[in-house]
Amino acid sequence: MSQILLNSNLLTLLVATDVATVVTYNGYSAFLVPINNLARRYAGIRALRGETEKKKKKKKKKKKKKKKKSILYSDDPLTMTSTRFQMIGVALFVVALSALEAYQWDGGPEDKAKIKACVGGSASFAWSFVTGLGETMLGRDWWFQAPGKDKGTQIASYIGKHFYATDNTRVDFLPNAGLSLRFARPQDSGNYSVQVKLQQANSSLASVWRTVTLSVTDRPLATQDDALRLTLSNAVRDDVTEDWTLQLHCGQFVDLGHPPVDVVWKTPSGEVRNSSYRDNGTFVLSLSSPVQGGSYSCHLPPSAPAARCLTATSLRKAAAQLYVGNKDVRLSFLEARQREIEQVNKDQNGIIEDMMQVNKDQNGTIEDMMQVNKDHANLFQHQAMQLQEQGQNLNQTILELTTQCILRNREYIQRKPFTKDTNNF
């Protein structure tokens, strides 16, 4: 017996013998039995979901027996060895069930697909939908959800035979459930969804969704000219490892685009490496000693959005190459060491000059202190002279007052005659 399991569009042959074919599809079962007489050959297909009324009556009488499947027997079982007619019967069964299959997507991007577009370009979501037997497509709605937003907004709708959009200048309809966006802008980035509304064969309503994510490149990258530049700079010492490294510079970018672009490096041995760091508009690859001689290159990754939006003829899409010879490497390291020695000498001279300036400043401070002391001494001397002069003036004043007192006493004695008064002794 040959058993074939159909799950949606998947057909898997499980067991093969020479007796019959069992087909199972979404709960339906059937036995296919070919017969040898060409005039009477046919593939019997009978889908069973449960039991017929006649079987139900028999089942009530025989409750203890197992449930049996309905079988269509051939009148000539000796011809069951022909697998060709078994497969013909299976094909007929699949065709019959396909006509009964429910709605399905017939084209367009898969659910949760990632779509990229350039600023000023266009993006298409060419969804196509096929209804099943007895189903009717009532309408289609399209929604947009910006990054970071919890809810989306409706941007278009197809009702009856008319298409409506919030921006008719940029949004167009694509049969039969698709949408196209023209003149893309950075703010157009986000999730786009289509909602197909159906009326099923049993008159119930259903909605089917598909969503994609659109990323719009803000701006393409730009360089000082239309090509990448790869140059070799002087070797530098790593502050962490204290090893000498050779620096390769790629770019001269004035705008890295959005999202920012990076470059990919390739060494002479074919190793692919990322940039060590970025210095303003230049990407740098550090090469530790010993440096491998040969041809190095840098190029823009084609998958980068900012690079993908370049024109097809842009020279920035081409890789920049530079040959690094062993002689160049040794010369670069020697020049770097010479610059380091010169820098050390310069730093030491600067330290000496600073110390001399400090001594000079200290000497100036001492001279200032001596001048202050001298000024203080002069001030003290001046004050002493003032005190001496004031003392002389005070003595002169006292002498004059004493002289006046003596003269007045004399005048007083001369005016009053002298009398002896014993009581005064």
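Anyway, here's the lowdown on the structure attached to this text. Please read these numbers as outputs of a predicted model, since none were measured by experiment.

## With respect to the overall build of the protein
Piece 1. Per the secondary structure count, the protein includes four helices and 25 strands.
Piece 2. Within the span of the protein, comprising 425 residues, buried residues form 30% of the whole.
Piece 3. About 28,800 Å² of surface is accessible on the protein, with carbon and sulfur atoms providing 54% of the total.

## Observations regarding the pattern of salt bridges
Piece 1. Going through the model one piece at a time under the given rule, you end up with six salt bridges.
Piece 2. Taking the shortest distance from any N to any O, the salt bridge between R182 and D172 comes out at 3.1 Å. With R182 in the loop between β13 (178–181) and β14 (190–199) and D172 in strand β12 (residues 171–174), the pair connects residues that are 10 residues apart, well separated along the chain.
Piece 3. R182 sits in the partly exposed class, given a relative accessible area of 32%.
Piece 4. Connected through shared salt-bridge partners, D167, R170, R185 and D188 make up one network.

## Describing the environment of P290
Piece 1. Secondary-structure assignment places P290 in the loop between β23 (282–288) and β24 (294–299).
Piece 2. With 44 residues separating them in the primary sequence, P290 and L246 have C-alpha atoms 9.5 Å apart.

## Remarks on the pairing of strand β15 (residues 205–217)
Piece 1. As judged from the six bridges shared by strand β6 (residues 113–118) and β15, these two strands associate in the parallel manner. Within β15, the position partnered with A117 by the bridge is V216.
Piece 2. Pairing analysis gives 10 bridges linking β14 to β15, with the strands arranged antiparallel. The residue bridging S193 from the neighbouring strand is T211, located in β15.

## Focus: the packing of aromatic side chains
Piece 1. Per the counting criterion, the structure on display carries 11 aromatic pairs.
Piece 2. Pairing W143 with W209 gives two aromatic rings, centres 6.5 Å apart and planes at 40°, and the pair type is tilted. Here W143, found in strand β9 (residues 136–145), pairs with W209, found in strand β15; they are 66 residues apart in sequence, far enough to count as distant.
Piece 3. In this structure W143 comes out as partly exposed when scored by relative accessible area, which is 26%.

## Remarks on the pairing of β9
Piece 1. In the sheet, β9 pairs with β14 via nine bridges, with the strands oriented antiparallel. Considered in β14, the bridge of W143 is made with S193.
Piece 2. As paired strands, β9 and strand β10 (residues 153–159) are joined by six bridges and run antiparallel to one another. Bridge assignment links G139 to a residue of β10, and that residue is I159.

## Some thoughts on helix α4 (residues 326–415)
Piece 1. Over its 90 residues, α4 extends 132 Å from the first C-alpha to the last, a length consistent with the 134 Å expected when each residue adds 1.5 Å.
Piece 2. Within the span of α4, buried status applies to V329, S332, F333 and A336.

Calculation notes
Residues numbered from 1 in each chain as written. Predicted model: local features only at pLDDT ≥ 70, side-chain atom pairs only at ≥ 80, totals over all residues. Heavy atoms only, no water. Helix = DSSP H or I, 4+ residues; strand = E, 2+ residues; numbered from the N terminus. Buried < 20%, exposed > 50% of the residue type's maximum accessible area, 1.4 Å probe, protein only. Areas by Shrake-Rupley, 256 points an atom, 1.4 Å probe, with all protein chains shown as cover. Salt bridge = Lys/Arg side-chain N within 4 Å of Asp/Glu carboxyl O. Pairing = 2+ DSSP bridges. Phe/Tyr/Trp six-rings, centres within 6.5 Å; stacked < 30°, edge-to-face > 60°. Expected span 1.5 Å × (residues − 1).

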